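Structural overview
Residues per chain are reported as follows:
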Amino acid sequence: MTRLVKTALTRGSVSISALLGAMFLASPAHADGYLLDGNFGIGSGLEGGDTGTGQFGWRRARLRITTGIDLRDGESQADALGFRAFVEIEKRATLGGEIRYERWLSHNVGAYGGLIGVVTPETLFGGSVGMDFVIPFGKRAGLFLEPSFSVLPVGSDLPSTGPLVWLLFSAGLKLGL
Amino acid sequence: MKSSSARASSLTVVRALLALCLLGVAHLLANSGCSSGSVCYRNTDCPHDSDCLQGQCVRRTASEAGVAGSSSLENDAAGATDVSQTPDAN
């Protein structure tokens, strides 16, 4: 009787340890997961807005450094979700971000739309649309060129009720991670 | 021969489109007015203790006083309104 119990316990412990080993030692499944692209670039352009005098004016937009990632669906590589963080490095530095849906028309040409905002030291929120052109350097790297148009109607950084408009052009390095 | 002439004509079209784009931007700037650095468009154009009011940087205490009682920047009771501050230099 005792022997039977010992055998059962041994079998059970072997089964459990094998199961735990399989669970914790196995590498994470990649299945048809996401393809990851990293971006790093700089940008500037035109910034338009109403100063409160009722006249809409334009000036050069602050220089910004942008970095982020694109998550492409492994099965449908035409669709992607992009995340960007940017820092405006002129005048009082600001920190902002962007989340965007990207639709790649070909491997090197895409269009996107999303939400953009500045979070500190003042806030600014709005929408953004743009295009991406990638000039490939080898298999995994490329130079991206990105014209974009953003309208930001909400936030504490606005001196008047009118929106701020960005017509920007960014360029930088895109890497397949 | 025919293809090279076609390429040359398409290049000409691209150049013409580029020139039109540049003209469009120039027209936009000319009509909207591309401001100099002395006008603020955002509160973060101004120094830390200032806000942007009607294109000018105004010290925060003065601007709050202006909102609370005074009707214009120039008529601030304490005479503390300072519109001489310029937006932060690049």
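All figures in this text were calculated on a predicted structure; none of them were measured in a lab.

1. So, the interface of chain B and chain A
Each side of the interface is counted separately: chain B has 20 residues, and chain A has 21 residues. Those elements that provide at least two residues to the side of chain B that touches chain A are helix H1 (2-32) and strand E1 (50-53) of chain B. Of the residues assigned to the side of chain B that touches chain A, the class counts are eight nonpolar, eight polar and four charged.

2. Thoughts on the confidence of the model for chain A
Averaged over every residue, the pLDDT of chain A is 85; residues scoring 70 or more account for 82%. With pLDDT under 50 throughout, residues 27-31 of chain A is counted as low confidence; its partners more than four residues away or in other chains account for zero contacts.

3. Considering the pairing of strand E9 (residues 164-176) of chain A
Residues and elements named next belong to chain A. Direction of pairing for strand E1 (residues 34-50) relative to E9: antiparallel, over a ladder of 12 bridges. Residue pairing across strands places Gly45 opposite Leu168, the latter belonging to E9. Sheet analysis places strand E8 (residues 141-154) next to E9, joined by 12 bridges and oriented antiparallel. Counterpart to Glu146 in the pairing with E9 is Ser170.

4. Focus: unusual backbone geometry
Residue Pro121(A) follows Thr120(A) across a cis peptide bond; omega there is 5°. Note on placement: Pro121(A) falls in the loop between strand E6 (109-120) and strand E7 (124-137). The phi dihedral of Lys91(A) is positive, around 50°, even though this residue is not glycine. Structurally, the position occupied by Lys91(A) is in the loop between strand E4 (79-88) and strand E5 (94-104). Positive phi, close to 50°, is recorded for Gln54(B), a residue that is not glycine. As for its placement among the helices and strands, Gln54(B) is situated in the loop between E1 and strand E2 (56-59).

Parameters at a glance
Residues numbered from 1 in each chain as written. Chains lettered and ligands numbered in written order. Predicted model: local features only at pLDDT ≥ 70, side-chain atom pairs only at ≥ 80, totals over all residues. Contact = placed C-beta atoms within 7 Å. Helix = DSSP H or I, 4+ residues; strand = E, 2+ residues; numbered from the N terminus. Nonpolar A, V, L, I, M, F, W, Y, C, P; charged D, E, K, R; others polar. pLDDT = per-residue confidence, 0-100. Pairing = 2+ DSSP bridges.

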